[in-house]
Amino acid sequence: SFPTRRSSDLQEILGELYTILEGIIGTRGVKLLQRRIEEKGLKDVPQIIFEIAGEMENLFGSKGAFATLREVGRQVAKNLMEHHPKEEWEKVFKEGLRVTGFAQGVERDGNRACICSCIFYPNFLSKKGLKPTEHAVCWIGWGFIEGFMKAFTGAMGVRFVERDFEKNQCWFEIINKM
């Protein structure tokens, strides 16, 4: 089930997502997404975000949606780092996805990091028979991990390594060379 969050917090998260998307796909693209969400009558923010990711796949294809939403995740990480002193970045990194209600949190182990208990896999992806990272929604978290790991390690990026189904964790590792 979804973590309980105040409606105003979730609406703020959704507003932030639309603002970041607007900078990437433009005002018209965001208005189209908002109209499609409104037509479907969705009110639950995680469901809306999953639907936005699906609509992005319809509009831009899988690779276009993956790249766009990965950039959204990186931008969220960048925005959080800009609004917090460097000494708080590790805490913000670990708790950012929990605060948004999208996962229990993030753990880091040297050059690896994992998203712990993401709500999207059990509530959306597995029900559609999708594996981790096969839906654009996953790429927001991927970008989030990447944005912070680049800042922490100077890495060029991160790659998905594996999903530990037993522990409900998706692991990523840094890429130092292309």
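What counts and what doesn't
Residues numbered from 1 in each chain as written. Predicted model: local features only at pLDDT ≥ 70, side-chain atom pairs only at ≥ 80, totals over all residues. Heavy atoms only, no water. Pairing = 2+ DSSP bridges. Helix = DSSP H or I, 4+ residues; strand = E, 2+ residues; numbered from the N terminus. Axes fitted to C-alpha atoms, helices over the stretch in contact; angles between N-to-C directions. Contact = heavy atoms within 4.5 Å. Buried < 20%, exposed > 50% of the residue type's maximum accessible area, 1.4 Å probe, protein only. Expected span 1.5 Å × (residues − 1). Bend = angle between axes of the 7 residues up to and from the residue. Salt bridge = Lys/Arg side-chain N within 4 Å of Asp/Glu carboxyl O.

Draft legend 1. Structural detail: the sheet that holds strand 4 (residues 169-175). Pairing is antiparallel in the open sheet, where four strands are placed in the order 1-2-4-3. On the outer flanks of this sheet lie strand 1 (105-109) and strand 3 (157-164), each paired with one strand and no other. The average undirected angle you get between the axes of adjacent strands in this sheet is 25 degrees. Inspection of the sheet shows strand 1 paired to strand 2 (residues 112-116) by five bridges, in the antiparallel sense. Counted as the bridge partner of Arg108 is Ala113 from strand 2. Taken strand by strand, helix 3 (residues 89-100) contacts strand 1 and strand 2, and its axis lies near 140 degrees from that of strand 1.

Draft legend 2. Structural context of the side chain of Glu146. Inspection of the secondary structure assignment puts Glu146 in helix 5 (residues 137-153). Accessibility expressed as a relative area gives 2% for Glu146, which makes it buried. Setting aside residues no more than four positions away along its own chain, Glu146 makes contact with Arg70, Arg74, Gly157 and Val158.

Draft legend 3. Focus on helix 2 (residues 45-82). Taking 1.5 Å as the rise per residue, helix 2 with 38 residues should run 56 Å; its terminal C-alpha atoms sit only 25 Å apart, a clear shortfall. Along its length, helix 2 shows its largest kink, about 120 degrees, at Phe60.

Draft legend 4. Geometry of the pattern of salt bridges. What the rule picks out here adds up to 10 salt bridges. A salt bridge links Lys40 to Glu51; the nearest nitrogen and oxygen atoms lie 2.3 Å apart. Of this pair, Lys40 sits in helix 1 (residues 7-40) while Glu51 sits in helix 2; the two residues are 11 residues apart in sequence, bridging distant segments of the chain. Owing to a relative accessible area of 44%, Lys40 belongs among the partly exposed residues under this scheme. A salt bridge links Glu173 to Arg159, with the shortest nitrogen-to-oxygen separation between them at 2.9 Å. Taken together, the residues span a long stretch of sequence, with Glu173 in strand 4 and Arg159 in strand 3 at a distance of 14 residues. Through salt bridges with shared partners, a single ionic network connects Arg36, Lys40, Glu51 and Glu55.

Draft legend 5. Broad picture of unusual backbone geometry. At Thr133, a residue that is not glycine, the phi angle is positive and equals roughly 70 degrees. Within the element layout of this structure, Thr133 appears in the loop between helix 4 (120-125) and helix 5. Residue Thr133 is classed as buried on the basis of its relative accessible area of 17%. If you check the backbone angles, Asn168 has positive phi at about 60 degrees while not being a glycine. Its location among the elements puts Asn168 in the loop between strand 3 and strand 4.

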